[in-house]
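# Summary of the model geometry
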Amino acid sequence: MATTQIISPLPGTFYRKPAPDQPPYRNEGDVISEGDTIGLVEVMKSFYEVKAECGGKLVRFLIENEGPVMAGEPIAEVEG
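Notes on the structure follow. Because the structure is predicted, anything quoted here is derived from the model rather than measured. (Residues numbered from 1 in each chain as written. Predicted model: local features only at pLDDT ≥ 70, side-chain atom pairs only at ≥ 80, totals over all residues. Heavy atoms only, no water.)

## So, the sheet that holds strand β1 (residues 3-7)
What counts is decided by this rule: When DSSP finds two or more bridges between two strands, those strands count as paired. In this description a helix means any DSSP run of H or I spanning at least four residues, a strand means any run of E spanning at least two, and both kinds are numbered starting from the N terminus.
The strand order across the open sheet built from 4 strands is β1-β8-β6-β3, with neighbouring strands paired in antiparallel fashion. Each edge of the open sheet carries a strand with a single partner, namely β1 and β3 (31-32). Bridge count for β3 against strand β6 (residues 56-61) is 2 bridges, and the pairing is antiparallel. Paired with V31 across the two strands is K57, which belongs to β6.

## Description of the nonpolar core
Short version of the rule: Only buried residues count toward a nonpolar core, which is a set of Ala, Val, Leu, Ile, Met, Phe, Trp, Tyr and Cys residues joined through side-chain atoms within 4.5 Å. In this scheme, a residue with accessible area under 20% of its type's maximum is buried, one over 50% is exposed, and one in between is partly exposed, where area comes from a 1.4 Å probe on protein chains only. Pairs of residues are marked as contacts when any of their non-hydrogen atoms sit within 4.5 Å.
Membership of the largest hydrophobic core comes to 15 residues, with the highest contact counts inside it found for I6, F14, I38, V50, F61, I75 and A76. Excluding its chain neighbours within four sequence positions, the residues that come into contact with I6 are I32, I38, V50, K51, A52, E73, P74, I75, A76 and V78.

## Re the sheet that holds strand β2 (residues 12-15)
The following threshold applies: Helix axes use the C-alpha atoms of the stretch in contact, all axes being lines fitted to C-alpha atoms, and the angles between their N-to-C directions lie in the range 0 to 180 degrees.
The antiparallel open sheet is built from 4 strands, whose spatial order is β5-β4-β2-β7. Two strands bound the open sheet, and with one partner strand each, they are β5 (46-51) and β7 (67-69). If you compare each strand with its neighbour and ignore which way they point, the axes differ by 40° on average. In this structure, β2 lies alongside strand β4 (residues 37-43), joined through 3 bridges in antiparallel fashion. Each bridged residue has a counterpart across the sheet, and for T13 the counterpart in β4 is E42.

## Quick word on the pattern of salt bridges
Definition in use: The working definition used for a salt bridge is a side-chain nitrogen of Lys or Arg within 4 Å of a carboxyl oxygen of Asp or Glu.
A complete count under the given rule lists 3 salt bridges for this structure. Taking the shortest distance from any N to any O, the salt bridge between E49 and K51 comes out at 2.8 Å. In this structure, the salt-bridge partner of R60 is E77, at a minimum N-O distance of 3.1 Å. Linking R60 in strand β6 with E77 in strand β8 (residues 74-79), this pair joins segments that are 17 residues apart in sequence. Overall, R60 belongs to the partly exposed group, its relative accessible area being 40%.

Functional significance is not addressed by these values, which are geometric in nature.
Shown next, in the form of structure tokens:
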């Protein structure tokens, strides 16, 4: 199976949860569809959804929750 990376559209801080007291959008091992939100990137107090560009099994996150991310940097890997 081919592995595809989900890329950050913007530089900022990556969040796997919509809020600190909420569960993550997706977990490693989840089956996702194209267009599913997998997290958020926060830039100067504005939040932007990171969406899957393909469907498959979310193999792993490459950026930790609340970790810094650069534009064009891989956030997660999807197998499918």
